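Architecture at a glance
Each chain, letter by letter, is given below.
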Amino acid sequence: MKIERAHIIINPASGQPKPVLHTINSIFHAAGVDWKITITKHGGDAHRSAQEAVAAGVDVIAVYGGDGTVMEVASGLIGTGAPMAILPGGTANVVSVELGIPKNLPEACKLIVNENNSVRAIDVGFSEGKYFLHRVGLGMSAEKVKGATRELKDRFGILAYTIAGLNVLKDPPMAHYHFTLDGETIEADGISCIVANSGNMGMQGFSMAKTVSISDGLLDVFLVRDRSIVSIASSAASVADLTLNTDALQHWQARDITIDATPPQSTQGDGEVWDNTPIRISVLPHAVNVIVSPPA
Ligand SMILES: [Mg+2]
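Residues numbered from 1 in each chain as written. Predicted model: local features only at pLDDT ≥ 70, side-chain atom pairs only at ≥ 80, totals over all residues. Heavy atoms only, no water.

On to the sheet that holds strand β15 (residues 272–274), then. The antiparallel open sheet is built from six strands, whose spatial order is β12-β11-β10-β7-β14-β15. The strands lining the two open edges of the sheet, one partner per strand, are β12 (249–254) and β15. Neighbour-to-neighbour, the strand axes of the sheet open up by a mean angle of 20°, direction not taken into account. Pairing geometry for strand β11 (residues 219–224) and β12, over six bridges, is antiparallel. Note that in β12 the partner of Val221 across the bridge is Trp252. (Pairing = 2+ DSSP bridges. Helix = DSSP H or I, 4+ residues; strand = E, 2+ residues; numbered from the N terminus. Axes fitted to C-alpha atoms, helices over the stretch in contact; angles between N-to-C directions.)

This is the structure we're talking about:
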């Protein structure tokens, strides 16, 4: 798409400690793009700036910051159709990796001004008034668990936190889960549950069992039934080779999900601690447009 006016929202607390304005200006100026910036200071600023930029009628809202800032801007753009562009900072930006957006700032800026770029509509998860882009974890997948190393994340993807927990706890607490998935009731015992919108842990080309897509309009529910998942996962070449719907790992897809558990389970959304179960989670399909690379 042709961009004439851009608004850039910068979280100065994220990314690398080096100036970015010169790079942005040199590329946007050369392309004849008029641009303005807002600097965020507090939580909520990015969300508000995104909405103001849409009201001002800009062609694209770009965000420079980590995943939290990207989520805030995305939440401000839901349903507006206004495209978001991601300028990855120095920190791992899971959304940009998932979407194949260049990691390097000049390349990401050039993608915005490239008239051949594409727009991809991504799904956003919603629960109890809050949004998430990646996943909600219940029970042992709660990401408070220390020890989910880079290696574990690379190897086991979104199961890394559960695996890390199981490596510590020899006798993990079981819960009885009661799911309502698009109106269908399912009862099952398990030690951990993950509801995923995005399967990527920051690795290009990696996604949980190749089933999780951030733009299929569905959430993926994984229930880890017992600790045999550790030996099964260890023997698989990668988590993409894990066999789903075995005694160790159950998998469903749904748009509207209610989960209750006995005893109540802790929950987390994108790393933030949320209230214990019961929890209702739904997907806002194709809620935000994102600028991505031209089709190969
Ligand atoms: Mg999906």
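What follows picks up the thread again.
We now examine the coordination of the magnesium ion. Coordination of the magnesium ion by the protein involves Ser213 (O), Asp216 (OD) and Leu218 (O), with metal-donor separations of 2.1 to 2.2 Å. The sequence motif formed by the donor residues of the magnesium ion is S-x2-D-x1-L. By relative accessible area, which is 27% here, Asp216 ends up partly exposed. (Donors = N, O, S within 2.8 Å, 3.2 Å for Na, K, Ca; no water. Buried < 20%, exposed > 50% of the residue type's maximum accessible area, 1.4 Å probe, protein only.)

Here the focus is the pairing of strand β16 (residues 279–292). Relative to β16, strand β5 (residues 118–127) is paired through eight bridges, and the arrangement is antiparallel. Looking across to β16, one finds that Ala121 is bridged to Asn289.

With that settled, consider the packing of helix α2 (residues 45–55) against helix α3 (residues 67–77). α3 packs onto α2 with a crossing angle of 40° between their chain directions and a minimal axis gap of 7 Å. As summarised for this structure, α2 and α3 are arranged oblique, according to the angle between their axes. Along this stretch, α2 crosses α3, giving a crossing that reads as right-handed. Of the residues in α3, those in contact with Asp45, Ala46, His47, Ala50, Gln51 and Val54 of α2 are Thr69, Glu72, Val73, Ser75, Gly76 and Leu77. Residue classes in the contact of α2 with α3 are distributed as five nonpolar, five polar and two charged. (Parallel < 35°, antiparallel > 145°, perpendicular 65-115°, else oblique. Left-handed = near helix turned anticlockwise from the far one by under 90°. Contact = heavy atoms within 4.5 Å. Nonpolar A, V, L, I, M, F, W, Y, C, P; charged D, E, K, R; others polar.)

Mapping Gly32 onto the fold places it in the loop between α1 (21–30) and β2 (34–39). Taking the C-alpha atoms as reference points, Gly32 and Ile3, separated by 29 residues in sequence, lie 8.9 Å from one another.

Bringing the packing of aromatic side chains into the picture now. A full pass over the atoms with the stated rule returns five aromatic pairs. Their ring planes at 70° and their centres at 6.2 Å tell us that Phe132 and Trp274 sit as a pair that is edge-to-face. Separated by 142 residues along the polypeptide, Phe132 in strand β6 (residues 130–132) and Trp274 in strand β15 bring together distant segments of the chain. The buried category is assigned to Phe132, whose relative accessible area is 0%. Overall, the relative accessible area of 10% leaves Trp274 in the buried class. With 5.2 Å between their ring centres and 45° between their planes, Phe179 and Trp252 make a pair best called tilted. On the criterion of sequence distance, the pair formed by Phe179 in strand β8 (residues 175–181) and Trp252 in strand β12 is long-range, its members being 73 residues apart. (Phe/Tyr/Trp six-rings, centres within 6.5 Å; stacked < 30°, edge-to-face > 60°.)

Right, let's talk about the side chain of Thr69 for a bit. Here Thr69 is to be found in helix α3. The exposure class of Thr69 is buried, given its relative accessible area of 8%.

Once that is clear, we can look at the confidence of the model for the protein. On average, residues of the protein score 88 in pLDDT, and 90% of them reach the 70 mark or higher. Confidence scores differ between elements of the protein, with helix α6 (residues 150–156) showing the lowest mean pLDDT of 74 and strand β13 (residues 256–262) the highest of 98. (pLDDT = per-residue confidence, 0-100.)

On to the pattern of salt bridges, then. Within the structure shown, the criterion is met by four salt bridges. A salt bridge links Lys2 to Glu115; the nearest nitrogen and oxygen atoms lie 3.8 Å apart. Taken together, the positions of Lys2 in the segment before β1 (5–10) and Glu115 in the loop between α5 (105–113) and β5 put the pair 113 residues apart, joining distant regions of the chain. (Salt bridge = Lys/Arg side-chain N within 4 Å of Asp/Glu carboxyl O.)

Each regular strand displays side chains that alternate between the two surfaces of the sheet. Of the two faces of β8, the one holding Ala175, Tyr177, Phe179 and Leu181 is buried and the one holding His176, His178 and Thr180 is not buried anywhere. What sits between β8 and strand β9 (residues 184–190) in their antiparallel hairpin is a turn of two residues, with Asp182 showing a positive phi close to 50°. By the bridge criterion, six bridges tie β8 to β13 in an arrangement that is antiparallel. Along β13, the bridge assignment pairs Tyr177 with Ala261.

For the rest of this paragraph, the subject is unusual backbone geometry. The omega torsion of the bond from Thr262 to Pro263 falls at -10°, within 30 degrees of zero and hence cis. For Asp182, which is not a glycine, the phi torsion comes out positive at approximately 50°. Relative to the assigned elements, Asp182 resides in the loop between β8 and β9. Under the relative-accessibility criterion, Asp182 is labelled partly exposed at 41%. Within the chain, His286 stands out as a residue other than glycine whose phi angle is a positive 50°.

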